[in-house]
Amino acid sequence: MMGLFAVLVIVAVGGRAIDAVRLSQAESILARLPDADARAYYDVLRRRVRKVLVMRALALISLLCIFWVFRQRLMPGR
């Protein structure tokens, strides 16, 4: 069970690191664009972030369900 928890923590930390890199790239791109183009690109980024958040929430719920099933299978008396 601790191994599964460690995997979850590693995935979460990796996701945060990737987000930080993508944020710095997006800020760099937005700084170089004219205002009208920057607003349009910002709208695209917002939609993309919403989509990623929904997918991560679904993945987290799925992992929690898997952990619960493993726990039920490994400890049937509880």
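What comes next concerns the included structure. Starting from 1, residues in each chain are numbered consecutively following that chain's sequence as written. Given that the model is predicted, a residue must reach a pLDDT of at least 70 before its local features are reported, and side-chain atom pairs must reach 80 or more before they are shown or counted; all residues, however, enter totals for whole chains, interfaces and linings. Side-chain descriptors were evaluated using all non-hydrogen atoms of the structure, hydrogens and water having been removed beforehand.

1. Quick word on the overall build of the chain
Then, in step 1: Here a strand is any run of E in DSSP of at least two residues, a helix any run of H or I of at least four, and the numbering for each starts at the N terminus. Scanning the chain from N- to C-terminus turns up 2 helices and 0 strands.
Then, in step 2: Relative to a compact globule of 78 residues, whose C-alpha radius of gyration would be 12 Å, the chain shows 19 Å and is clearly more extended.
Then, in step 3: The classification of residues rests on relative accessible area computed with a 1.4 Å probe and restricted to protein chains. Under 20% of the type maximum is buried, over 50% is exposed, and intermediate values are partly exposed. When the 78 residues of the chain are sorted by exposure, 8% land in the buried category.
Then, in step 4: Areas reported as accessible are Shrake-Rupley estimates using a 1.4 Å probe. Residue values count occlusion only from the protein chains shown. If you sum the accessible surface of the chain, you get close to 6,700 Å²; carbon and sulfur atoms cover 69% of it. Atoms counted for the radius of gyration: C-alpha only. Globule rule: 2.2 Å times residue count to the power 0.38.

2. Focus on the environment of Lys51
Then, in step 1: For Lys51, the position within the fold is in helix H2 (residues 35-74).
Then, in step 2: Classification of Lys51 as exposed rests on a relative accessible area of 60%.
Then, in step 3: Placed 11 residues apart in sequence, Lys51 and Ser62 show a C-alpha to C-alpha distance of 17 Å.

3. Quick look at the environment of Leu33
Then, in step 1: Mapping Leu33 onto the fold places it in the loop between helix H1 (2-32) and H2.
Then, in step 2: Expressed as a C-alpha distance, the spacing of Leu33 and Val9, which sit 24 residues apart in the sequence, is 36 Å.
Then, in step 3: For Leu33, the residues in contact, after removing those within four places along its chain, are Ala38 and Tyr41. Here a residue-residue contact requires only that any non-hydrogen atoms of the pair lie within 4.5 Å.

4. Things to note about the environment of Leu60
Then, in step 1: Residue position: Leu60 is located in helix H2.
Then, in step 2: For Leu60, a relative accessible area of 42% translates into the label partly exposed.
Then, in step 3: Note: C-alpha distance between Leu60 and Ala12 (48 residues apart in sequence) is 9.7 Å.

5. Here's the deal with a nonpolar patch on the surface
Then, in step 1: Patch construction takes residues with relative accessible area above 30% that form no salt bridge. Like charges are linked within 9 Å, and nonpolar side chains (Val, Leu, Ile, Met, Phe, Trp, Tyr) are linked within 5 Å. For this document, the term salt bridge refers to a Lys or Arg side-chain nitrogen within 4 Å of an Asp or Glu carboxyl oxygen. Nonpolar side chains collect at one region of the surface, where Met2, Phe5, Val9 and Val13 lie side by side and expose about 420 Å² of accessible area between them.
Then, in step 2: Along the chain, Phe5 falls in helix H1.
Then, in step 3: Judged by relative accessible area, which is 48%, Phe5 ranks as partly exposed.

6. A word on the pattern of salt bridges
Then, in step 1: Under the defined criterion, the tally for this structure stands at 1 salt bridge.
Then, in step 2: Its salt-bridge partner being Arg56, residue Asp19 comes within 2.6 Å of it at the nearest N-O pair. Of the two residues, Asp19 is situated in helix H1 and Arg56 in helix H2; the sequence distance between them amounts to 37 residues.
Then, in step 3: Exposure remark for Asp19: the relative accessible area of 27% places this residue in the partly exposed category.

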